[in-house]
Amino acid sequence: MKPKAATIFTAYLLLAPALVLMLVFTFYPVLYGAYLGFTKYTAANLGSNTPPTWIGLENFRTVLSDELFRIGLVNSLKYLIIVPILQIASLAVAVLVNKQLPGMAFFRAAYYIPVITSISLAAVMWDWVFTREGLLNWLLEFFKIIDPSGSFGWLLNPNTALWAIMLVTFWRGFGYYMVLYLGGLQSIPSELEEAALLDGANAWQRFWKITVPLMRPTILLCSLLSSLAAIRVLEEILVFTNGGPLNSTYTVLMYVYQKSFGLDFDYGVASAAGLLLAVVGFVLSYINFRITREDPPKREAKA
Amino acid sequence: MKTAPVKLIGVAANYLVLSLIALFAIFPFLWTLAISITDKTVASGVSIFDFPQSLFPKAITFNNFFEVYRVFGLEKYLLNSIIISSLTVIGTLVVSAMAAYPLSKMTFPGRDLIFGAMLATLVLPSETNFIVNVLSLNKMGLLGTYWGVVIPTIATAFGIFVMRQTYVAVPDSLLEAARMDGATEFQILWRIMVPLSRPALTALGIFTLVNTWNSYFWPSVALLGADNLQPLSVAMLKLKGQFNHDSFNVAAGAMIMMIPVLVVFIAAQRLFMRGLEGAVK
Amino acid sequence: MKKRWLLLASAFGALSMAALAQNKVQIEFWSWYLSPKFDPYLLGVIGEFQKANPNIEVKLVDKQDTMERDLQAAIALGKSPDVVNLWQDATAAAAQNNLLAPINDLTPMNQLQAQFWNNTLGMFIVDGKNYGYPWYGWTDQGVMAYNSEVLKKAGITKVPTTIGELLTASKLIKQRTGSYGWLPPVKDPNGASFLGQFYLEGLPLFANGKAAFNSGKHVALLQKFIDLMKGDFIPQDLLRKEAFQLNNEYYSQGKSAFIVGGAQALVRVKDANKDIYSKTKVVPAPLGAGGVQTGGSMSLVIPKASKNQKEAALFAMFMTNNKAQVQFAKLAGIVPTTKGAENDPDLKAANPNDALDVATSLVSGTGRFITPGWNPPKNTDAVYKNFNDNIEAAFLGAKTARQALSDAVAFWNANAK
């Protein structure tokens, strides 16, 4: 069925403010940034007031032949492991605090606190958790999981540093996604839950049969945002390890950051690295959309 | 049917789990709070990095807060932050709620292209955005104004994406019924979609608030030359200088930054959690 | 009618503005992380400058974290500040990229040499031209503060006077008390700190303009530090965090016995732990076999895009003059980079019982000694990162000390062009 002209008009009218603003302040700079990936544009251009010059794929060759970029890419991809863990935990927590029990307002607020805690403050505390004499080793020794003689600083061991930082990402993220999931859960009509309860479904069945299917759009949203955030992780790395030890936490965004920061920047190379990472991002988005399909054909036919 | 004691154990276990997660979540907050109310004039012999002793201050005071407030003249910055954050939150909510509707519930040529392009901006490199946007603002004469900080940040792929996913979950039958009754698309958006997505709108509002409230890089650039309009976050950076470094004041400053957002979050929970059965029926 | 009046008024306005501009120039000065604590000081100096130069008005803006990007944006907009407070690496990067005006063109060399020590001027020379007016400085060695209680507990009666003795004492302290002794910088996140250790021991870094820090002596020195870390006589955290920060943290918890550095390090100890501060004694810092110190200074630079370079140069000279820097030293424990400060009576008066006062008086006259030891290479970020990665690999046992240093030298000579 062909949409009516009036519908098209209304649609674009509603989209207009967003489109105009995004054209000027998002699309234009992003496209310009992408264009820079094919040019030579460094601090020297700013100094001599000369525009970027087109150099084709030169920057991409530079980036791809740089071992640091390859290390960064591997670490960024490794970081994706956090996504399913974080999403399942956030959804579970959201279900837990969605109950009509006393004190839930407190727990919701408490879980949101990491989101608003500045990373530099959090870093001090997490340092204390991860050092050799820290809380984590103390707990592990207390439960006899590790032997005190073999203890080490978690951020100083090339085999554990990335995982330790992922734990911080988890800490900062679960309250954030919990809020998004709560938003979704609140839109599930309670009649459905009640009906299932009458049918004798237990909590586990209700979760998988009702909550998860109805929450699909939100799950897609969250897992996509979380995947993109994972491959673009930067802040945590900067405050904890700066990419070390032995580059085991060096990510692509660290590479981009180091190339674009300070008064010796090379935006051409930084943009090229960013574009290569974007390719990964597009693939991830596609996979996410495929896994959590929303059955668009049916809906389109109806509208 | 479950018996009463079993149920009670279930509830207790529930609370135990919730409390453990809460402890995991808030321990840095507790430490910051403890430092911020520690009386630094009392010689304690305990450094702030001494865990866990520093979590239990020997003498309590609010002087650190007053000192930070007075030294930095925070009222001016606080007002700037409130203005910038409110404008940004309102702008983001309006723009996103409007744009998400056609992208989720209407069919028109270009829809998928537009949505795809918006999503692409989440992935593409954005390191140079600030410089391009500053040049644009300068041409528009908005550099160094509140609007210059706000306008470039209100239309975001993130906001539109959040709202679209919420709208997608609304059953089409509701809209069909309204259309049968002769409602216009604007009426459907305002009377059905917006009330139904209130939790998501609240969530988006809180996220936007947190982001705007804490961001310091963009405001510092967009307000070049207008130092009297700088928000709190920019002023707070000054706490960390090599010579200014006073951990107690840094902690108090952090609390000053966090508490308003926390209060808003707690207040917003009501909007967020109220049942929606009435609207769905 | 109204329109015509407006036109006339604005024409008149423009005229008078132009007239005003002829005798009153406004320049913008960006300081770095000094507000609000030093606002009164900075505004005081600015006030004196304006009194001496009634045709120039100075606007003070303090930048923090965002300094480099704000500067980038301001230059792109054509709204460049006129005088900017940078540091050595940033000055070099900005000068190499043609963002700064050479100050030789603005202030005659003899005036610069009359005001500043040559070593401090030399820190900001790029390709033979001066780019920075040396501002407040510091020494990395300067003074040594020690926790007298810990030393007593460890049974150390002679306070170390060389780096060798300091490392030996550190070992003893760790064995006897469990506290660390000294936390030497081996791999700070910024810069290339281990080069400093070579420099202090008098080992050459370069030969014929090429990196040459891979001789047997260099390897042995690195190995000595590696062994210290292996034995846990210096903490492994030194690979991850700035030594300055760690020293402060450990010292003010009573977990380390010495702090070596400028007087400003003690300011934080005083804030963090009054008890330990009261047990702190200060002596001149031990030196290595080279008998040299390292240190650095801030710079005031003039962006090439500044429209008032002449006035900017006048102001930069004024802000960095001896009188102003001595005043600053009294407030902040910095080291003036100016000639004459070493004899200033104001910086001699010390309360012998206050650690900070003693420290300030010890370091304030050392401006003529401060030197970073070497100038940052071109392609600084990449070269330093590679150097630090190699040092880290050696400490973590992924490479031998010899291998790490020869890899670092090879990369340095291939990339620092």
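Residues numbered from 1 in each chain as written. Chains lettered and ligands numbered in written order. Predicted model: local features only at pLDDT ≥ 70, side-chain atom pairs only at ≥ 80, totals over all residues.

1. Description of the pairing of strand β10 (residues 258–261) of chain C
All names here are of chain C. Going by this rule: Burial is judged by counting the other C-beta atoms within 10 Å of a residue's own C-beta: 20 or more makes it buried, 12 or fewer makes it exposed, and any count in between marks it as partly exposed, with every C-beta position built from the backbone. Numbered from the N terminus, helices here are DSSP runs of H or I no shorter than four residues, and strands are runs of E no shorter than two. Two strands qualify as a pair provided that DSSP identifies no fewer than 2 bridges between them.
Burial of β10 is two-sided: the residues F258 and V260 facing one way and the residues I259 and G261 facing the other way are all buried. Summarising the sheet, strand β7 (residues 143–147) and β10 pair through four bridges and their orientation is antiparallel. Each bridged residue has a counterpart across the sheet, and for V143 the counterpart in β10 is G261.

2. What to know about the nonpolar core
Basically, it comes down to this: We call a set of buried Ala, Val, Leu, Ile, Met, Phe, Trp, Tyr and Cys residues a nonpolar core when their C-beta atoms link them within 7 Å. Contacts here follow a simple rule: the backbone-placed C-beta atoms of the two residues must lie within 7 Å.
Counting residues in each nonpolar core, the largest one holds 300 residues, and the members touching the most others are A273(A), A145(C), I302(C), F315(C) and A359(C). At 16 residues, the largest contribution of residues to this core is made by helix α9 (residues 161–186) of chain A. Non-local contacts of A359(C), meaning those with residues more than four positions away in its chain, are made with V143(C), A145(C), A263(C), L266(C), V282(C) and G333(C).

3. Regarding the interface of chain C and chain B
Here is the rule: Three classes are used, and their members are as follows: Ala, Val, Leu, Ile, Met, Phe, Trp, Tyr, Cys and Pro are nonpolar, Asp, Glu, Lys and Arg are charged, and the others, Gly among them, are polar.
Counting residues at the interface gives 30 residues for chain C, matched by 29 residues for chain B. Elements with a contribution of two residues or more to the side of chain C that touches chain B: β2 (56–63), α3 (67–77), α12 (264–272) and α13 (274–278) of chain C. Its residues assigned to classes, the side of chain C that touches chain B shows eleven nonpolar, eight polar and eleven charged.

4. A look at the sheet that holds strand β11 (residues 280–284) of chain C
All names here are of chain C. Here is the rule we go by: Axis definition: a line fitted to C-alpha atoms, limited for helices to the stretch in contact. Angles are taken between N-to-C directions and run from 0 to 180 degrees.
Spatially, three strands are ordered β10-β7-β11 in an open sheet, and the strand pairing comes out antiparallel. The open sheet terminates on both sides in strands that have one partner only, identified here as β10 and β11. On average, each strand axis in the sheet is tilted by 20 degrees relative to the strand beside it, whichever way the strands run. Where β7 and β11 come together, five bridges link them in antiparallel fashion.

5. Quick word on the interface of chain A and chain B
Between chain A and chain B, the contact holds 73 residues from the first and 70 residues from the second. Counting residues per element, the side of chain A that touches chain B draws most heavily on helix α1 (residues 5–36) of chain A, which supplies 21 residues.

6. Notes on unusual backbone geometry
Following G244(A), the chain continues to P245(A) via a peptide bond in cis, the omega torsion being -15 degrees. By secondary structure assignment, the location of P245(A) is in the loop between α13 (235–240) and α14 (252–260). Following S35(C), the chain continues to P36(C) via a peptide bond in cis, the omega torsion being 0 degrees. For P36(C), the location among the structural elements is in the loop between β1 (25–32) and α2 (39–52). Within the chain, L246(A) stands out as a residue other than glycine whose phi angle is a positive 50 degrees. Its place among the elements puts L246(A) in the loop between α13 and α14. With 19 C-beta atoms counted inside 10 Å, the residue L246(A) sits in the partly exposed group. Positive phi, normally seen in glycine, also occurs at Y33(C), with a value near 60 degrees.

7. Observations regarding the domain arrangement of chain C
Residue and element names in this part refer to chain C. Cut-off, in case you're wondering: Segmentation of the chain into domains, including their bounds, is taken from an automatic or database domain assignment.
Domain boundaries assigned for chain C yield domain 1 (25–138 + 296–356 + 363–369) and domain 2 (143–294 + 375–415). Computed from C-alpha atoms alone, the centre-to-centre distance between domain 1 and domain 2 is 29 Å. In this assembly, 13 residues from domain 1 lie in contact with 16 residues from domain 2. When contributions to the side of domain 1 that touches domain 2 are tallied by element, the ones reaching two or more residues are α4 (88–96) and α16 (355–363). In terms of residue count, the dominant contributor to the side of domain 1 that touches domain 2 is α4 (five residues). Class assignment of the residues belonging to the side of domain 1 that touches domain 2 gives a composition of nine nonpolar, three polar and one charged.

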